[in-house]
Amino acid sequence: MTLNSKVPEGRMDQKWDNYKASVSLVGPANRRRLEVIVIGTGLAGASAAATLGEMGYKVKAFCFQDSPRRAHSIAAQGGINAAKNYQNDGDSDYRLFYDTEKGGDYRSREANTYRLAQVSANIIDQCVAQGVPFAREYGGMLANRSFGGVLVQRTFYAQGQTGQQLLLGAYSALERQVALGTVTMYSRHEMLDVVVIDGKARGIIARNLVTGELERHFGHAVVMCSGGYGNVFYLSTNAMGSNVTAAWKAHKKGAYFGNPCYVQIHPTCIPVSGDYQSKLTLMSESLRNDGRIWVPKKKDDNRKPNDIPDEERDYYLERRYPAFGNLVPRDVASRAAKERCDAGYGVGSSKQAVYLDFKSAIERYGKTEAHKKGMHNPSKEEITEMGKDVVKSKYGNLFAMYEKITGENPYEVPFRIYPAVHYTMGGLWVDYELMTTLPGLYALGECNFSDHGANRLGASDLMQGLADGYFVIPYTIGSYLSKEIRTNAIPTDHPAFDEAEKNVRGRLEQLLNIKGTKSVDHYHKALGQIMWHKCGLARNEKDLKDAIQEIKALRAEFWKDVRVPGEMNSLNPELEKAGRVADFFELAELMCIDALNRDESCGCHFRLEHQTEDGEALRNDKDFAFVSAWEHQGDENWELHKEPLTYEYIEVKQRSYK
């Protein structure tokens, strides 16, 4: 199959406007006859379902949580980007676009990224109109702060709970449509297969997670908004229920998977504290605005951090990257932390951590407050208290969360942080219209590959999810559905629904009938160990080849010796987990195959064989300037298709943040 990205002709800054002006539309009367299924109700799914419902489509929205408010979007902390230039520091659509392309190490589709920058300002207006309580300056204007990989302040935020507030805005829009009857909400339902009829996505098989009943649902189109696959590593910052199953089932029904090896490691997470930990906690990148990252200059220095004088501290990001300092992109900061720890300068009991210190920020803010209050000779204690109050207003809930988890007060001692799996840039391949290679199946937000290349800039995940749901899919889905207005609803007793449900039921029964000796979590954790150590922060040819064989062996053992208690036709969380881990095994193998095939370093995909003299990622644009789009061809078999990446609007060059 030839990949057609459907990027419109014309100048880059006019492509989206030209597309909207010429795209086929569906009239209001016909929208009421067309049914759309939305999988997932995070920022992308809730905004898409709400907007499509407002337009008059008949929408069915599905989530496996008990409420859309529990989608993992709620966990995003630091902010959302938009090119409004409120700080008058030189921001623009082009600069946001360029920062995103450069941050992704020039491995994303140029037209999609530019569109994302163009609609970013609209997102803020939409959310303010919904009542999202963004932080404001003294005069009432919306406040901004910086994030990694940029030299401007463009990130809008609600203290350290931006994702929660944005999700509540999208949720309120969604619930309005539920009340009006345009959207039917199916909570505690998990999509387990896509139904394909005459080569088009025409519905899904879903399992009611409370009763265990399998249900059939028809749709003229299916919109996938199911999030990322970071939990393939077992330990990640993702919610424990986050999984790849919906996207993977779509992949096995004909949707190509794009760039699966592109996984983001976030530099500011609470370090692993024990062998029985099941989740990692994110500390927002926004902390790098005011916190300074350091390690002791002396190896194996066991002194308490406050006992180490400033001249004996190595502020290694400021030393290595003077232009960007602590605000280098996530992949750069993560590798730098690993390098320092591997070299023997790590801190804490595990020595797998670095410090993030707010002492300087507290003092700086305290002095500013003293000036504002006309205090000419404030005491050190007064400066500290006033500085803490300012920091609390910006990051208070993050500080409280850290103290609750670790028992340490980060106002008094530095945070201990270390990189952890956070976000997946890879996902279902989509064209400019966000349609996958399976006609009628769309993918929005984190579950598609399109906007972030090999490394996502901080605060751009919320931006993409809402851009796709509020401002892109309402136009692009009309291009497809305008040709479906004569298609009547297909009865769910169609043979394709029979076959899909039979396959789903057979797989669930197979898992239950193994009756082995080891738990699902045992296998999930073992898989995560392989992935983290051999396809994580750094990769090499030998480790990737070994990982593929180890995954195959572990997968075979899983299908022989996993124990799944309970029954199918009832509430059974272990059965849910078993199905998801089975899909993770298949995905993990493809991730390693993709990482092995991409014989270069770019962004978060760091092949040890390909690095500069300074230890930075060394791209190979001659051979690897393409999107890897993998077609599933049966068990453990995939065919690679390539979408060439061409750049009309920017100069591609080696990244530098020095």
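What counts and what doesn't
Counting starts from 1 at the beginning of each chain's written sequence and moves along it residue by residue. Since the coordinates come from a predicted model, pLDDT governs what is reported: local features require at least 70, and pairs of side-chain atoms require 80 or more to be given and counted, while whole-chain, interface and lining totals use all residues. Note: side-chain values were computed over all heavy atoms of the structure, leaving out hydrogens and water. We count a salt bridge whenever a side-chain nitrogen from Lys or Arg sits within 4 Å of a carboxyl oxygen from Asp or Glu. We count a stretch as a helix when DSSP gives it H or I for four or more residues in a row; a strand needs E for two or more, and each element gets its number in order from the N terminus. The classification of residues rests on relative accessible area computed with a 1.4 Å probe and restricted to protein chains. Under 20% of the type maximum is buried, over 50% is exposed, and intermediate values are partly exposed. Contact definition: two residues touch when any of their heavy atoms are within 4.5 Å. In protein, a polar contact means a hydrogen-donor-capable atom and an acceptor-capable atom, both N or O and within 3.5 Å, with residues adjacent in sequence counting only if both atoms are side-chain atoms; elsewhere, any N or O pair within 3.5 Å suffices. Pairs were defined over the aromatic rings of Phe, Tyr and Trp, the Trp ring being its six-membered one, requiring ring centres within 6.5 Å. Orientation was assigned from the angle between planes: stacked under 30 degrees, edge-to-face over 60, tilted for the rest. Any Lys NZ or Arg CZ found within 6 Å of a ring centre and within 35 degrees of that ring's normal is scored as a charge over the ring. Here the bounds of each domain stem from an automatic or database domain assignment. By convention, the term buried area covers the 1.4 Å-probe accessible surface removed from two parts as they join, with the contributions of both added. Just so you know the grouping, Ala, Val, Leu, Ile, Met, Phe, Trp, Tyr, Cys and Pro go in nonpolar, Asp, Glu, Lys and Arg go in charged, and all remaining residues, Gly too, go in polar. Whether two strands pair depends on DSSP finding at least two bridges between them. Take the buried residues of types Ala, Val, Leu, Ile, Met, Phe, Trp, Tyr and Cys, join any two whose side-chain atoms come within 4.5 Å, and each joined set is a nonpolar core. None of His or the chain ends enter the tally, which takes Lys and Arg as positive and Asp and Glu as negative. Orienting the strands away from the viewer, one traces the path from the first strand over the helix to the second; a clockwise path indicates a right-handed crossover. Note on geometry: axes are lines fitted to C-alpha atoms, helical ones only across the stretch in contact, with angles between N-to-C directions running from 0 to 180 degrees.

Our focus in this paragraph is the pattern of salt bridges. Within this structure, the stated rule accounts for 64 salt bridges. In this structure, Glu557 and Lys518 form a salt bridge, with 3.9 Å as the shortest nitrogen-oxygen distance. Note that Glu557 is positioned in helix α15 (residues 541-561) and Lys518 in the loop between α13 (495-514) and α14 (520-534), a separation of 39 residues in sequence. Lys518 gets classed as partly exposed once you look at its relative accessible area, which sits at 28%. A salt bridge links Glu636 to Arg555, with the shortest nitrogen-to-oxygen separation between them at 3.3 Å. With Glu636 in the loop between β18 (626-632) and β19 (638-644) and Arg555 in helix α15, the pair connects residues that are 81 residues apart, well separated along the chain. Classification of Arg555 as buried rests on a relative accessible area of 10%.

Here we come to the environment of Arg216. Summarising the element assignment, Arg216 is placed in strand β8 (residues 214-218). For Arg216, a relative accessible area of 26% gives the class partly exposed. Along the primary structure Arg216 and Ala500 are separated by 284 residues, whereas in three dimensions their C-alpha atoms are 9.2 Å apart. What Arg216 contacts, discounting residues up to four positions off in sequence, is Ile204, Ile205, Thr492, Asp493, Phe497, Asp498 and Glu501. Polar side-chain contacts of Arg216 include one of 2.6 Å to the side chain of Asp498. In terms of polar contacts, Arg216 uses its side chain to reach the side chain of Glu501, at 2.6 Å.

Once that is clear, we can look at the packing of aromatic side chains. One pass over the full model with this rule turns up 32 aromatic pairs. Measuring from centroid to centroid gives 5.9 Å for Tyr19 and Tyr432, while their planes differ by 70°, and the two rings are edge-to-face. Remark: Tyr432 occurs in the loop between β16 (427-428) and β17 (441-443) and Tyr19 occurs in helix α1 (residues 15-22); sequence separation between them is 413 residues. The exposure class assigned to Tyr432 is buried, which follows from its relative accessible area of 1%. In this structure an aromatic cluster arises from ring pairing among Phe358, Tyr395, Phe399, Tyr402, Tyr411 and Phe415. Of note, Arg292 hangs over the ring of Tyr315, and the distance from its end group to the ring centre comes to 3.8 Å. The lysine or arginine in question, Arg580, covers the ring of Phe64, its NZ or CZ lying 4.9 Å from the ring centre.

Taken domain by domain, the protein chain holds domain 1 (12-20 + 29-261 + 422-481) and domain 2 (265-421). With centres defined by C-alpha atoms, the gap from domain 1 to domain 2 works out at 31 Å. Taken together, the contact pairs 28 residues of domain 1 with 31 residues of domain 2. For domain 1, the biggest contributors to the area lost against domain 2 are Gln77, Leu235 and His422; these three give 25% of the whole. Our count for the domain 1 to domain 2 interface comes out at 16 residue pairs in polar contact (both at pLDDT 80 or more). Considered class by class, the residues forming the side of domain 1 that touches domain 2 number 11 nonpolar, 15 polar and two charged.

Take the pairing of strand β7 (residues 200-208) next. A large share of β7 lies buried, amounting to eight of its nine residues. Note that strand β6 (residues 189-197) and β7 share eight bridges and pair antiparallel. By the bridge assignment for β7, Ile197 is matched with Lys200. Two successive antiparallel strands, β6 and β7, enclose a turn made up of two residues, where Asp198 displays a positive phi of approximately 55°. Pairing between β7 and β8: five bridges, direction antiparallel. For Ile205, the partnering residue across the bridge sits in β8 and is Arg216. Hairpin connection of β7 to β8: five residues between the antiparallel strands, including Gly212 at a positive phi of 85°.

Here we come to the nonpolar core. By size, the foremost hydrophobic cluster in this structure holds 187 residues, and its most contacted members are Ile80, Met224, Phe358 and Ile477. Counting residues per element, this core draws most heavily on helix α16 (residues 573-597), which supplies 12 residues. Each of domain 1 (12-20 + 29-261 + 422-481) and domain 2 (265-421) accounts for three or more of the residues forming this core. Aside from chain neighbours lying at most four places away, what touches Phe358 is Leu287, Asp290, Gly291, Val391, Tyr395, Phe399 and Phe415.

Relative to the helices and strands, Arg145 resides in the loop between α5 (110-130) and β4 (155-156). Despite being buried, Arg145 has no salt bridge partner; Asp290 is the closest side chain of opposite charge, sitting 6.8 Å away. A polar contact of 3.5 Å, which involves the side chain of Arg145, links it to the side chain of Ser286.

It is worth spelling out the pairing of strand β2 (residues 58-62) at this point. The buried count for β2 comes to four of five residues, which makes it a mostly enclosed element. Of the pairings in the sheet, the one linking strand β1 (residues 35-39) to β2 comprises five bridges and is parallel in character. Across the sheet, the residue bridging to Glu35 is Lys58, located in β2. Since β1 and β2 lie parallel, the crossover through helix α3 (residues 43-55) that links them has a hand, and here it is right-handed. Of the strand pairs in this sheet, β2 and strand β5 (residues 183-186) are connected by four bridges, and their pairing is parallel.

The next subject is the sheet that holds strand β10 (residues 257-258). Read across the open sheet, the four strands follow the order β16-β10-β18-β19; overall the sheet is antiparallel. The sheet is open, and its two edges are formed by β16 and β19, each paired on a single side. Of the pairings in the sheet, the one linking β10 to β16 comprises two bridges and is antiparallel in character. By the bridge assignment, Phe257 is partnered in β16 with Leu428. On the sheet, helix α7 (residues 245-252) packs against β10, β16, β18 and β19 and is oriented at approximately 75° with respect to β18.

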